[in-house]
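Each chain is listed here by its residues.
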Amino acid sequence: MIQDNIDNTAGAGIPNPNRSIPVATGPTVGQPVDMVGARARVSGRVDFALNAVVPGMTHARLLRSPMPHARISSIDTSAAEKMPGVVAVLTAADFDRPGAPARYYGAVLRDQPVLCGEKVRFAGDPVAAVAAETEEQAAAALLEIEVDYEPLPAVGSVAEALAEGAPLVHEKPPLPREASYADIKFHGREGNVCTKFQLRSGDVEAGFAAADHIFDNTYHSPAVQHLTMEPHVVLARFEGERLTVTSSTQAPYAVRDTLAEMFGVASSKVRVIVPPIGGGYGGKTYAKFEPVTAALAWKARRPVKLVLPRDEEFLSLTKHAATIRMRTGVSSDGKLLARDVQVYFDAGAYTDISPRLIKNGGYSTAGPYAIPNVRIDSYAVYTNLPPAGAYRGYGVSQAAWAYEQQMDEMAEALGIDPVEFRRRNLLTEGERFATGEIMREAHWRELLDRTAEAIDYDTDRRVVVDEHRVRGKGVAVILKSTITPSTSHAAMRLDADGSLQVLTSSVEMGQGAHTVLAQLAAQPLGLPVSAVHVTEPDTQYTPYDQTTSSSRTTRAMGGALTSAAHVIREKLLKLAGDLLEVSPTDLELADGQVVAKGSPGVRMSVPEVFRRTRTGSISGDGEVITSGGLDPETGQGIASDHWHQGAAAAEVEVDLGTGKVYVRHVHSIAHAGRVVNPKLARLQMHGSTVFGISHALYEELVYDEGILTNPNLSDYSITAMGDMPAQLEVEFLEDEGEAEIHGLGETTLPPVIAAIGNAVRAAIGAPVRTLPITPERVLEARNS
Amino acid sequence: MQVLRPQTTADTLRLLADGGEDTKIIAGGTALMLMMRNGLVMPEQLVSLDRLSELDRVTVEPDAVRLGALVSLRSIERSAELATVLPTLSAAVGLVANHRIRQRATIGGCVSEADYASDPPAVLTTLGCEVHVVGIGTQRWIPLSEFLVDYYQTVLQPGELVTEVRIPRPSPTARTTYLKYISRSAEDRPCVGVAAHVDLDSSGRCTDVRVAVAGATATPFTVVAATEACRGAKPDKTAWDEVAAAYSAAISPIGDARGSAAYRKHVTGELVRRALQTASTGTENGAFRL
Amino acid sequence: MDRTDEKSFSCVVNGEYTVLTGADTTPAIVALRAHGLFSVRETCGIGVCGTCTVLLDGEPVSACILPLYALDGRTVQTAEGLEEGGELSDLQQQFIASQAFQCSFCTPGFLMSGQALLDGTDGPLDDEAIEDGLQGHLCRCGCYAAIKEAVRECSAARTCSRAGARG
């Protein structure tokens, strides 16, 4: 463990031991290759889990609590069991008996019941499940289940949850799973505090004492939904004690382990298969509806398929609502001297992955800035609301919303240009981040300069368009970590016909993972991408991968595949070298041929090497295992094996009569190191922009007394084509020569939100500190 | 549950009479299918109007336009003739929901559903639209403003059917505008919509000013006293500010995720002023999304 | 839905005479998927998102709120019917060239409205016309710019033919 070596006392900084394999642009890497399987995607033939059908399959529906917090006094399923087509009705009573599955699950804490027994903790908590011959029959049977509830006082917000004498969401939360994740530590668990993360760097009080100005502001981000176009889909079936699950999950191995623990079987008895999925954005990470579907299949003794209805999607998982109080001390010449932050993340009713998210979101509030004295306390707080978990941006959107709004507010108060103010404080090469780690490949200044230039930030920062409308410009710059430590394994097999079978558990969810992985696997072997077949994740065959999340796949799985490809390459060149009587080091691979360097006439095709050596196939494997971790008392250590760096700029037009914000121009830029596929990378960045606009202006889950009021796509608003800015640009900052790969899936989402916020502030002359920036909040800010 | 598909209005009325309370009328089904899928209504029987070709007719008369109940919103929007004679209605209909909904939704269904957040009823109100309601042995013309009574409620009695709407052609000197204000993303329903109609005499003074607000109240909201008071006034900012203030003061709007009641009250005034300004100074009649 | 309500509805789907079964008010999407047409997918279920768009007599409609009886005797086209003789349509090919999709769950819906837009217009389309034609479609992955580009390029080339629409 890295933290054993950490020196908490000095400002010297902690060197990062992690390095990735640098990759050069070549015949496949860096090329705008069409997405693998593109043809199936434009003809509607992608075989999503939604299409899965097996003989004897039944259909599931869930009965959910109408109350945010209540004791269950009784559940009567007798009428439902007699309904036409009903195969099984499952309740809490079916669990925790000999031979029966365990009722609680969770990625970190097993605190989430598959079905509620004693009490419900949010309006929408499942209390019963029905499997029937048709979905309609299952739905009809739900109406016949009688549940008696005794309402309990509920906590509908972090403030209510932390109030003196607040009702407890969990009277006695369980201990962490033994097999939980190495980076997760628990701290300060009491009352409704699920856990906290703390960071102590330097002497904050001394920093404030030295400051000329202290700014103290509070910023708020709401809960929002992932809203994948494909809902959660699970098909579970047993053969004896062997369980096979087809699921739209982003984390096949995490699902496997959860189900194996739940059914008390060896993990090899559970097989998880993941077809391409219709969008994830974090919402399908870790076990979600696999436990209830598998339990239902266990009871029904029939295959069971669950397609989550859209209104229930809204209850599945959310981005954490967050309230961030940020106090920052600055010298009059614009140097950040101290920062003290209290971050309150609303975890909802269950822990899910909150302990990691509040850690990452917590230390991220220091921003990409060199601040000598930092104190951060970041809390995950239980409330009687749907659980919060992984969401594209992973806590950084909320953190950046706070620190990048405050940067502009401080710059204005100090009379310093916002870009210049940031430049004076951005982390540079070799500087120490708040966690103590030494930053390398620091490109924040360049990213900021380029994005500011792209919208001509220096001129016309506020323009009056006509009697109703004004325009404003804003910028933002962020840093984002990735899961550390983490583990990815890959295997591949080169066959005699020169085709390559890649076994990876990385999930294709539209981000293009299987395409860029094919590109990375092909290049060391001199193969065209068309010779590579990337296998769907199947835990029975494809090697372990932690998750497809955290913008880690291209770098981590790509690194594992690159290593595996080199293993095969060495074996192949050895075989060919013997045949050609050339040293393997003097051979290279191109276009399916082994060729002597400098003597293109000395060559042999790959199939011929196989034939003449009577080789059937050549296998190789590879892995990327990163290390790191933070001290639980001080937050010092290696937070991230590498850092994502992004910036964005926006120009908006505000109607001062209605308060409505129209986004006119967005530019975003990320440090990519090496772009593997510019065509797909560009789309990832577009996706972040579209999410950014949505989170900045439109999205919010609205609860009334703990009940969600807008669980449909009419009352919940997301960015549409008509909301797109007339000017939309994305840019990558690439390194020369052989370069490391940096993921691009999330990097520009947080700065787009913050840049829009700063542009609105420039336009109306007042900050809107609460997301989304609704027309009403714009008018309120302007009139205050 | 079954769907009956009569071919004449007479047969339709008989089926409705025979069916009683649990029989509902379905035309395009865009609203009813939604409600049925969500378990909000569970009729025992539906009478579909889809084969009543006699109701799928547009008739432009010298002083009025008659739209059969089965005329789709998409065909209203696409009709070159209607774009000429009722340009603001045609354009406002083109702002409803999306192409797919407009393809299926009918004008009869639009007024009968009485959806408070629908755009056309406000425009139709300012145009003086009347609704033709028939039953067995009965028929009556009802002004739309009296036809719509509350959220999703009309004066239609069981067994009655809307067969057409009649829209008087505006005076050749009148100008009309509809502003659809959407407070969130482009696909959202309106927060507030305002339809305005301004007619001037030869000296440039107001003779006939009408304003109706959509999306904020149960039915299209009007303050007739305020618009009547404009008669004889110059169509200028002073006049429009007064009408806007009167609308803003009088309206008791709903509050939801699209805007609180207080916000809608403010925006109503803002949009009433702009709609009147556009109608009185703009070069084109039409409907605009804000 | 009670099984006794099941009826048969004859229509032409992707150029082939087809009998779909279900109740009168079974949403068309259910019957089309039961017929193996998996390009028709549901996201919102309320006619807002456009994912389940099919062409009914050439016009885009939402299959999630379209009653099955409305298909009776009509012509229906889904994304499966865009290909002709195993060749992708021009718009499909341009979607690949412009990389106008990520997860592609919404793609068939965009393709159907895009094709209807191209079929109903002539010559190159500007952004406004494209946005109007594709209004009412949501893409959560955020491919709007690429989708617009695909339709724009296809309209500029204007050799776009709609295979399979001859039903």
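All values derive from a computational prediction rather than experimental measurement.

Peer 1: Help me out: how do you make sense of the state of the cysteines in this one?
Peer 2: Here, the word disulfide means a covalent bond between the sulfur atoms of two cysteines. Inspection of every chain in the model, using the stated rule, returns zero disulfides over all chains. Cys206(B) carries a free sulfur, and the closest cysteine sulfur to it, the one in Cys230(B), is 5.6 Å from it. With no disulfide partner, Cys103(C) has as its closest neighbouring cysteine sulfur the one in Cys141(C), 3.8 Å distant.

Peer 1: Quick question: what am I supposed to make of the domain arrangement of chain B here?
Peer 2: It is common to give the size of an interface as the accessible area lost on bringing the parts into contact. Residues and elements named next belong to chain B. The domain architecture assigned to chain B consists of domain 1 (2-48 + 55-168) and domain 2 (174-289). One C-alpha centre belongs to domain 1, the other to domain 2, and the line joining them spans 25 Å. The partner domain 2 presents 26 residues to the 24 residues of domain 1 that form the contact. Summing both sides of the interface, domain 1 and domain 2 together bury roughly 2000 Å²; the carbon and sulfur share of this comes to 61%. At the surface where domain 1 touches domain 2, the tally comes to two salt bridges. Between lysine 180 and aspartate 119 there is a salt bridge whose closest N-O contact spans 2.8 Å. Counting only elements with at least two residues in the side of domain 1 that touches domain 2, the list comes to helix 5 (87-93), helix 8 (120-126) and strand 8 (148-150).

Peer 1: Mind showing me how you'd approach the pairing of strand 14 (residues 304-307) of chain A here?
Peer 2: Strand residues, when the strand is regular, have side chains that alternate between the two faces of the sheet. Residues and elements named next belong to chain A. The pairing of strand 1 (residues 58-64) with strand 14 spans two bridges and is classified as parallel. Each bridged residue has a counterpart across the sheet, and for histidine 59 the counterpart in strand 14 is lysine 305. By the bridge criterion, four bridges tie strand 11 (residues 233-239) to strand 14 in an arrangement that is antiparallel. Looking across to strand 14, one finds that leucine 235 is bridged to lysine 305.

Peer 1: What is the right way to look at the interface of chain B and chain C in this model?
Peer 2: Each partner contributes residues to the interface: chain B has 27 residues there, and chain C has 31 residues. Taking both sides of the interface into account, the surface hidden between chain B and chain C amounts to around 2300 Å²; carbon and sulfur atoms contribute 50%. Looking only at chain B, the three residues that lose the most surface to chain C are Met33(B), Arg37(B) and Arg100(B), adding up to 31% of its buried area. For the pair chain B and chain C, the number of links is three salt bridges.

Peer 1: What is the right way to look at the UniProt feature "domain: FAD-binding PCMH-type" (unreviewed entry) in chain B in this model?
Peer 2: Per the UniProt entry, the sites bearing "domain: FAD-binding PCMH-type" (unreviewed entry) are residues 1-172 of chain B in this numbering. In the segment residues 1-172 of chain B, helix accounts for 35% and strand for 26%; the C-alpha atoms at its two ends are 50 Å apart.

Peer 1: Is there a simple way to explain the pattern of salt bridges in this structure?
Peer 2: Note that side chains of opposite charge can pair when their charged atoms are close. A full pass over the atoms with the stated rule returns 83 salt bridges over all chains. The network of salt bridges with common partners includes Asp655(A), Lys237(B), Asp241(B), Glu270(B), Arg273(B) and Arg274(B).

Peer 1: Can you walk me through the interface of chain A and chain C in this structure?
Peer 2: Contact residues are listed per partner, giving 51 residues for chain A and 48 residues for chain C. Carbon and sulfur atoms supply 62% of the area that chain A and chain C bury against each other, a total of about 3900 Å² over both sides. In terms of surface lost to chain C, no three residues of chain A exceed Val42(A), Met229(A) and Met721(A), which account for 23% of the buried area on that side. On the surface where chain A and chain C come into contact, there are four salt bridges. Taking the shortest distance from any N to any O, the salt bridge between Glu699(A) and Arg140(C) comes out at 2.7 Å. For the pair chain A and chain C, the interface holds 21 residue pairs in polar contact (both at pLDDT 80 or more). At the level of elements, helix 1 (38-42) and helix 16 (678-697) of chain A are the ones that each hand at least two residues to the side of chain A that touches chain C. A total of ten residues in the side of chain A that touches chain C trace back to one element, the largest contributor, which is helix 16 of chain A.

Peer 1: Can you walk me through the environment of Thr535(A) in this structure?
Peer 2: Residues and elements named next belong to chain A. Its place among the elements puts threonine 535 in strand 22 (residues 532-535). For the pair threonine 535 and isoleucine 741, spaced 206 residues apart in the sequence, the C-alpha separation amounts to 22 Å. For threonine 535, the contacting residues outside a window of four places in its chain are Val502, Leu503, Thr504, His514 and Thr542.

Peer 1: Which parts of the structure should I look at to understand the sheet that holds strand 17 (residues 373-382) of chain A?
Peer 2: Strand pairing within a sheet occurs via backbone hydrogen bonds; the two strands may be parallel or antiparallel. Residue and element names in this part refer to chain A. Sheet architecture is open: five strands sit in the order 9-17-16-15-10, paired in mixed fashion. At either margin of the open sheet sits one strand with a lone partner, and together these are strand 9 (193-201) and strand 10 (213-221). Geometrically, the sheet is characterised by an average inter-axis angle of 10° between neighbouring strands, direction not taken into account. Bridge count between strand 16 (residues 336-348) and strand 17: ten bridges; the pairing is parallel.

Peer 1: Looking at this structure, I do not really get the pairing of strand 1 (residues 7-13) of chain C. What am I missing?
Peer 2: All names here are of chain C. Sheet topology note: the strand 1/strand 2 (residues 16-22) ladder contains seven bridges and is antiparallel. Paired with cysteine 11 across the strands is threonine 18, a residue of strand 2. Across two bridges, strand 1 lies against strand 5 (residues 75-77) in parallel orientation. Residue pairing across strands places valine 12 opposite threonine 75, the latter belonging to strand 5.

Peer 1: Help me out: how do you make sense of the sheet that holds strand 1 of chain C in this one?
Peer 2: All names here are of chain C. Strand order in the open sheet formed by five strands is 2-1-5-3-4, and the pairing between neighbours is mixed. Each edge of the open sheet is held by one strand with a lone partner, namely strand 2 and strand 4 (59-62). Taking each pair of neighbouring strands and ignoring which way they run, the sheet shows an average axis angle of 45°. Bridge analysis of strand 3 (residues 53-56) against strand 5 gives two bridges, and the strand direction is antiparallel. Counted as the bridge partner of leucine 55 is glutamine 77 from strand 5. Here helix 3 (residues 107-119) sits on the sheet and contacts strand 3, strand 4 and strand 5; the angle it forms with strand 3, its principal contact strand, is near 35°.

Peer 1: Looking at this model, I keep getting lost on the environment of Asp127(C). Mind explaining?
Peer 2: Residues and elements named next belong to chain C. The topology assignment puts aspartate 127 in helix 4 (residues 127-133). In this structure, the C-alpha to C-alpha distance between aspartate 127 and aspartate 5, residues 122 residues apart in sequence, is 46 Å. Setting aside residues up to four positions removed in sequence, aspartate 127 forms contacts with Lys148 and Arg152. A polar atom in the side chain of aspartate 127 sits 2.6 Å from the side chain of arginine 152.

Peer 1: Explain helix 3 (residues 135-142) of chain A here, please?
Peer 2: An α-helix turns once per 3.6 residues; consequently, residues spaced three or four apart project the same way. Residue and element names in this part refer to chain A. Buried residues of helix 3: Ala138, Ala141 and Leu142, and no others. Projection of helix 3 onto a plane perpendicular to its axis shows the buried side chains occupying an angular sector of 105°, all on one side. Where helix 3 is buried, its residues contact strand 1, helix 2 (78-81), strand 3 (86-90) and strand 7 (126-132).

Peer 1: How should the domain arrangement of chain C be read in this particular structure?
Peer 2: Residue and element names in this part refer to chain C. Taken domain by domain, chain C holds domain 1 (3-81) and domain 2 (90-166). Taken over C-alpha atoms, the centre of domain 1 sits 21 Å from the centre of domain 2. Domain 1 puts 18 residues into the contact, and the matching count from domain 2 is 16 residues. Both sides of the domain 1 and domain 2 interface together cover about 1300 Å² of buried area, and 57% of this is carbon and sulfur. Summed over the three residues of domain 1 that lose the most area to domain 2, namely Arg41, Gln77 and Ala79, the buried surface amounts to 32% of that side. Linking domain 1 with domain 2 are zero salt bridges, by the criterion used here.

About the criteria used
Residues numbered from 1 in each chain as written. Chains lettered and ligands numbered in written order. Predicted model: local features only at pLDDT ≥ 70, side-chain atom pairs only at ≥ 80, totals over all residues. Heavy atoms only, no water. Disulfide = S-S within 2.5 Å. Domains from an automatic or database assignment. Contact = heavy atoms within 4.5 Å. Buried area = accessible area lost by both parts, 1.4 Å probe. Salt bridge = Lys/Arg side-chain N within 4 Å of Asp/Glu carboxyl O. Helix = DSSP H or I, 4+ residues; strand = E, 2+ residues; numbered from the N terminus. Pairing = 2+ DSSP bridges. UniProt positions renumbered as here; feature names shortened; annotations may be inferred. Polar contact = N/O pair within 3.5 Å; in protein donor to acceptor, adjacent residues only side chain to side chain. Axes fitted to C-alpha atoms, helices over the stretch in contact; angles between N-to-C directions. Buried < 20%, exposed > 50% of the residue type's maximum accessible area, 1.4 Å probe, protein only. Arc of directions from axis to C-beta.

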